[in-house]
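# Observations on chain architecture
Chain by chain, the residues run as shown.
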Amino acid sequence: MPELNESPILLIIGTRPEGIKMAPVYHALKRAGIPTLICSTMQHTQLLDEVFELFGIVPDISLNVMRQGQDLFYLTQAVLQKTKEVFLSVHPSLVVVQGDTTSSMAASLAAFYLGIPVAHVEAGLRTDDVSIPFPEEMNRRMVSMVASYHFAPTPAAVANLLVHGVRREKIFCTGNTIVDALHSVKEKIQTKELEIRSDIKEKVLQAQIDGKEIGLLTAHRRESFNGPIDTILQSVKTWITEHPDTVWFYPFHPNPSVINAVRNAGLFSIPNLYICEPVSYKELVYLLDNATYIVTDSGGIQEEAVSLGKPVLVLREKTERMEGVLVGLARIVGSDPQALSDGLDWASSYQKNLIGKVANVYGDGHASEKIVAFIQAHYEEFQGAVNSPVTHQQEDIVKEKGSLMKKVCVVGLGYIGLPTAIIAAEHGYEVIGYDIDAERVEKINAGDPIIHEPEAYEKLQYVLGAKRFIATTQVTHADYFVIAVPTPITKDKKADISFVLSAVDALCPMVQAGNTIIIESTISVGCTQQVAKRIAQKTGLEVGKTVFVAHCPERVLPGNIFYELIANDRIIGGIDEASIVPAKAFYDQFVTGRLYLTSAEAAEMVKLIENSSRDVQLAFAHQVDSMATSIGLNPYEVIELANKHPRVNILRPTCGVGGHCIAVDPWFLVESFPKQTELLKAARMVNDSKPKETVERIIAAVDQWQQSNSGKCIVHLLGVSYKPNVEDVRESPAFEVARTLTNNTNIKTIVTDPHVGQVFLSDEFGDGAVSLVDGFAKADIVVFLVAHDRFKLIDRTLLSTKQILDFCGMLYESNNVLSEDTIFWPARDAVDFFIAGQQQKDIEAA
């Protein structure tokens, strides 16, 4: 962040629309020579990065609040807390927010709490229904309540602000900065300063050559989920099917609800509809400019379409942008099938005779200059008003009389330890989190959980604020010590319990009579006994009499940890019966599932066999895959048909077994029971060899390709995480495949994974980390490694000229639509295989 002699103007940007609409303001401030900083909350990471690149902006501060599975509670608290820290550090003279996002609302609230004036760009939009759109209508109302200056885009917005009690002298009608950005990007496209994606450009040009109307569809709003979006897509599908002389584009939103709706609507069967990955803003402007009509639930696109003179159907029950409706270029159709069909007929017959009248309804393209002119005129006033920000110290929570708060020390603050510490703190314990990583401890105490887990941020903020939790690099006295450290395997496949033993050594000086030590780490059978003896030796206390030891293995799924820590059943294994009692009392405080009590050895084995059982099942599925593939059968069809049996449930094969549990835990049992685990060893060998087999099959396909092509074969790998729809690459077989192929100099390997961070992919694969569209444009062979839901929406026409390898069943079409009396005959290759085999036997017999 640059050093400034004056208190800067601070712009808050969190989403793509904010980035687009604030870019002209930022550049106008810079041209005016006003000290300006951009704080990006990164509410939407990848989409916002593209906007910054397009407009030549590098944020001065990035909060990186985006998390997988984030919700409004997390976003609000994260932005509120992190912008507070930024404001206290930067001391801005004015905070400028745009629109109605959660980032804008929470940042405005933080500035208000600290006594910093707020300017609101695009102020005054209203539907007069706080639930439509949700949560944007409430967000912008809240911003209006705390803002000092209101930059309204239209006279109607000015009127709305006056009705809601904003003083007239604080309102300035400027036009909408979206028009500034729209005209700027359109001009750069026309002068070929910006290059348009080939798949988009080619289809648009072909439609124009064929004289076909072009439709653009966007639908992604939250209020459309759970019903309306399904109706919308079915209605659009019907109209498009009835009008084959039109060409449609649908850049889908990566939200899981949208993806499921697209799949359920069966849009892939429509030849004149192109479903594509989300487009960058330059592609969106290109599509808007070339479209005949637009169907959208987006607020910004309503403004852009009208500003370009295009008829637009609004997929909402209400709109805060009535100007387009009033001039006759927009129609509100909601999700009503008849209204949508009638609206499309209207848009298709629309005559472009109003464009001159309506082109400036949302602004003349100079809104940002007007905003900056105001800021420049009042700049000295802002500087003179800068004081030390107001601070609000939270009062200590007073304990109820008679409460006896137990103290808990959680050892290890990773994916299991930190959530366990937070849950314990939420349920009345005073918790100390111990970790040897000083940087991790510092970040956690600052409110950054580090782990990417839904609810981690807001829950951590709560327990820190309530002073029920603190992280430290020093072990302290406690009633309970919970050990949650990693237990990896060594290169020779042995359980590495050194972290557990180190944790025991660290806590022993603090162990006192009456304490309970609980091991949550996954450990080999007999390890709890080993730990108990170590504690007795180092403390001089008698286990089962004056100190108690138990094992309670975690059984949670990443992405749902906080819920499962409470709701799942738990197995508590004591070193003796006396140790079970205090261990059960600890979990009774927060676990709503059942608590099953047993011995330490039984608890150890239960956790290991849970994951080992699945490993064996996956190994069987992988062997079915290998067998079926070797004779030309589709393994996914074979397994689906086998699963028609009422007592058969074979899992789906992939390119291997990943994650930090299933691929590791069987080796713990092998070590403890070397003579009784032949099946587990065999299963591990099958699953461990699956990535190698996958690589061999890919290389074989490359060799075949090279027989009829020249040059280096380009292989596009889709997915590197260890399972679908997550960002985690730990123990990932797909990642192993990608690394192996990247090191093969005879192949050009490129990689795409929408769930794994682009920075990480670039660090690992360099220029081999590409977008989905760029990858398809370059690839000779496309390889599906991970079945991300987002990949299910890939337009199959993009694959028509590619050789496809599917190692996760992504492209398999189920046979469940066939009748009960349908007979499945073997694949032709399989028949040839068996005929050849029988002929060889006949020759040998002769």
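Here, every reference points to the structure presented above.
Attention in this report is confined to the structure presented alongside it. It should be emphasised that the depicted structure is a prediction, and the values quoted were computed from it without experimental measurement.

## What about the sheet that holds strand β7 (residues 171–173)?
Spatial strand order, β3-β2-β1-β4-β5-β6-β7: 7 strands in an open sheet with parallel pairing. This sheet does not close on itself; its edge strands, each paired only once, are β3 (61–62) and β7. Seen against the sheet, helix α4 (residues 102–113) touches β1 (9–13), β4 (94–98) and β5 (118–121) and runs at an angle of roughly 160° to β4.

## Some words on helix α1 (residues 16–31)
Between the first and last C-alpha of α1 there are 23 Å, a value that for 16 residues agrees with the 22 Å anticipated at 1.5 Å per step. By the largest-angle criterion, Met22 marks the main kink of α1, which is about 40°, and a proline, Pro24, follows within four residues. What α1 keeps buried is the set Arg16, Glu18, Gly19, Ile20, Lys21, Met22, Ala23, Pro24, Val25, Tyr26, Ala28 and Leu29.

## Observations concerning unusual backbone geometry
A cis amide bond links Ile132 to the next residue, Pro133, at an omega of -10°. Here the bond from Phe134 into Pro135 is cis, since omega is 0°, no more than 30 degrees from zero. Among the structural elements, Pro135 can be located in the loop between β5 and α5 (136–146). Positive phi values are uncommon outside glycine, yet Asp128 reaches one of about 65°.

## Quick look at the packing of aromatic side chains
Under the definition given, this model contains 20 aromatic pairs. Between Tyr636 and Tyr812, the aromatic rings sit 6.4 Å apart at their centres with planes inclined by 35°, giving tilted as the arrangement. Taken together, the positions of Tyr636 in helix α26 (residues 635–642) and Tyr812 in the loop between β25 (803–806) and α32 (828–845) put the pair 176 residues apart, joining distant regions of the chain. Considered together, Tyr636 and Tyr812 belong to a single accessibility category, that of buried residues. An aromatic cluster is defined as three or more aromatic residues linked by ring pairs; in this entry it consists of Tyr429, Tyr480, Phe586, Tyr587 and Phe590. The lysine or arginine in question, Lys203, covers the ring of Tyr274, its NZ or CZ lying 4.6 Å from the ring centre. If you follow Arg730 out to its NZ or CZ, it ends over the ring of Tyr415, 4.7 Å from the centre.

## Quick look at the packing of helix α27 (residues 665–672) against helix α28 (residues 678–706)
Between two packed helices, what matters for the description is the angle formed by their axes and the separation of those axes. Interaxial distance between α27 and α28 falls to 10 Å at its minimum, and their mutual angle equals 145°. α27 and α28 meet at a crossing whose hand is left-handed. Contacts between α27 and α28 pair Pro666, Trp667, Leu669 and Val670 from the former with Leu680, Lys681, Arg684 and Asp688 from the latter. In terms of residue class, the contact of α27 with α28 is made up of 5 nonpolar, no polar and 3 charged.

Scoring rules and cut-offs
- Residues numbered from 1 in each chain as written.
- Predicted model: local features only at pLDDT ≥ 70, side-chain atom pairs only at ≥ 80, totals over all residues.
- Heavy atoms only, no water.
- Pairing = 2+ DSSP bridges.
- Helix = DSSP H or I, 4+ residues; strand = E, 2+ residues; numbered from the N terminus.
- Contact = heavy atoms within 4.5 Å.
- Axes fitted to C-alpha atoms, helices over the stretch in contact; angles between N-to-C directions.
- Expected span 1.5 Å × (residues − 1).
- Bend = angle between axes of the 7 residues up to and from the residue.
- Buried < 20%, exposed > 50% of the residue type's maximum accessible area, 1.4 Å probe, protein only.
- Phe/Tyr/Trp six-rings, centres within 6.5 Å; stacked < 30°, edge-to-face > 60°.
- Lys NZ or Arg CZ within 6 Å of the ring centre and 35° of its normal.
- Left-handed = near helix turned anticlockwise from the far one by under 90°.
- Nonpolar A, V, L, I, M, F, W, Y, C, P; charged D, E, K, R; others polar.

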